[in-house]
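Report on the structure
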Amino acid sequence: MKFFIDTANLAQIKEANELGVLDGVTTNPTLMAKEGIKGRDAVMQHYIDICNIVSGDVSAEVIATDFKGIVAEGEELAKLHKQIVVKVPMIKDGVKAIHYFTSKGIRTNCTLVFSPGQALLAAKAGATYVSPFIGRLDDVSTDGLQLIAEIREIYDNYNFKTQILAASIRHAMHIINCAKLGADVATCPLSAITDLLKHPLTDIGLEKFLADAKKFA
Ligand code: E4P
């Protein structure tokens with residue numbers, strides 16, 4: 001299972017990368033805006049800065065919603081750096097654009113996926129990644145993890161190569177359950193990744209070992 005970090009914050013990306021478990025980064029317009037990045041050049045430079053920190057895939061989202069606009073923007077993003085994956089929304093022109101990008105060898109991440117049917121379309125179009133938003137489904141009293149299970153079953157039935165990138169992850173249990181269900185990737189806030197470290201018996205055990213080590217120091 002690959003771990004991506006779901007942020008545009010360079011300090012958090014560095015911290016996760018230094019932990020040695022980071023395989024990539026996902027961003028979206030909300031996360032970019034949160035960093036206070038203003039203007040097209042600054043946004044482009046920020047994507048390059050992220051690519052220079054990590055060695056894996058970095059999703060950069062298009063803003064356009066029409067086919068021509070998505071293609072123009074996506075081609076520009078893809079040219080920025082070899083690690084860039086063009087993130088495209090699950091809309092009609094988005095699916096068309098994913099198919100186009102696939103034919104040109106440009107990798108894509110189909111975002112804002114909330115149903116198995118949408119995930120099937122993304123795979124048919126040749127998306128590299130599909131991003132089901134499990135936390136946002138949970139937020140509206142729908143089981144986000146059930147969607148991961150359904151997509152896994154459909155993709156396995158037909159040997160689709162599209163990777164399931166579990167997104168909108170809120171906490172460590174989401175990561176564990178996504179791993180159990182066979183998601184290929186989880187994109188997570190840093191806190192959800194570091195929460196995986198925690199167990200009170202680890203802390204108690206370490207305290208005892210350190211206390212006992214003093215007896216023969
Ligand atoms: C990732 O690609 C998504 O943009 C992200 O996980 C959305 O998460 P949110 O629901 O916490 O905004």
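Please refer to the structure placed before this passage.
Residues numbered from 1 in each chain as written. Predicted model: local features only at pLDDT ≥ 70, side-chain atom pairs only at ≥ 80, totals over all residues. Heavy atoms only, no water.

Some points on the site of the ligand
With respect to spatial proximity, the complete set of residues near the ligand consists of Asp6, Thr26, Asn28, Lys87, Phe133, Arg136, Ala167, Ser168, Arg170 and Thr187. Residue Lys87 places a side-chain N or O atom 2.6 Å away from an oxygen atom belonging to the ligand. Contact distances for the ligand include 2.7 Å between an oxygen atom and a side-chain N or O atom of Ser168. Here the ligand has 350 Å² of accessible area as a free molecule, and 84% of this is covered by the chains. A breakdown of the residues in the shell around the ligand according to their chemical character gives two nonpolar, four polar and four charged. (Near = heavy atom within 4 Å. Polar contact = N/O pair within 3.5 Å; in protein donor to acceptor, adjacent residues only side chain to side chain. Areas by Shrake-Rupley, 256 points an atom, 1.4 Å probe, with all protein chains shown as cover. Nonpolar A, V, L, I, M, F, W, Y, C, P; charged D, E, K, R; others polar.)

A short note on the side chain of Thr162
With respect to the helices and strands, Thr162 occurs in the loop between helix 8 (144-158) and strand 7 (163-166). In this structure Thr162 comes out as buried when scored by relative accessible area, which is 4%. In this structure, Thr162 is in contact with Ala122, Ala123, Gly126, Ala127, Thr128, Tyr129, Val130, Tyr155 and Asp184, ignoring residues within four places of it in sequence. (Helix = DSSP H or I, 4+ residues; strand = E, 2+ residues; numbered from the N terminus. Buried < 20%, exposed > 50% of the residue type's maximum accessible area, 1.4 Å probe, protein only. Contact = heavy atoms within 4.5 Å.)

What to know about helix 3 (residues 40-53)
The first and last C-alpha atoms of helix 3 sit 20 Å apart over 14 residues, in line with the 20 Å expected at 1.5 Å per residue. The complete set of buried residues in helix 3 reads Met44, His46, Tyr47, Ile50, Cys51 and Ile53. Those residues of helix 3 hidden inside the fold are in contact with helix 1 (10-18), strand 2 (24-26), helix 2 (29-34), strand 3 (57-61), helix 4 (67-80) and strand 4 (84-89). (Expected span 1.5 Å × (residues − 1).)

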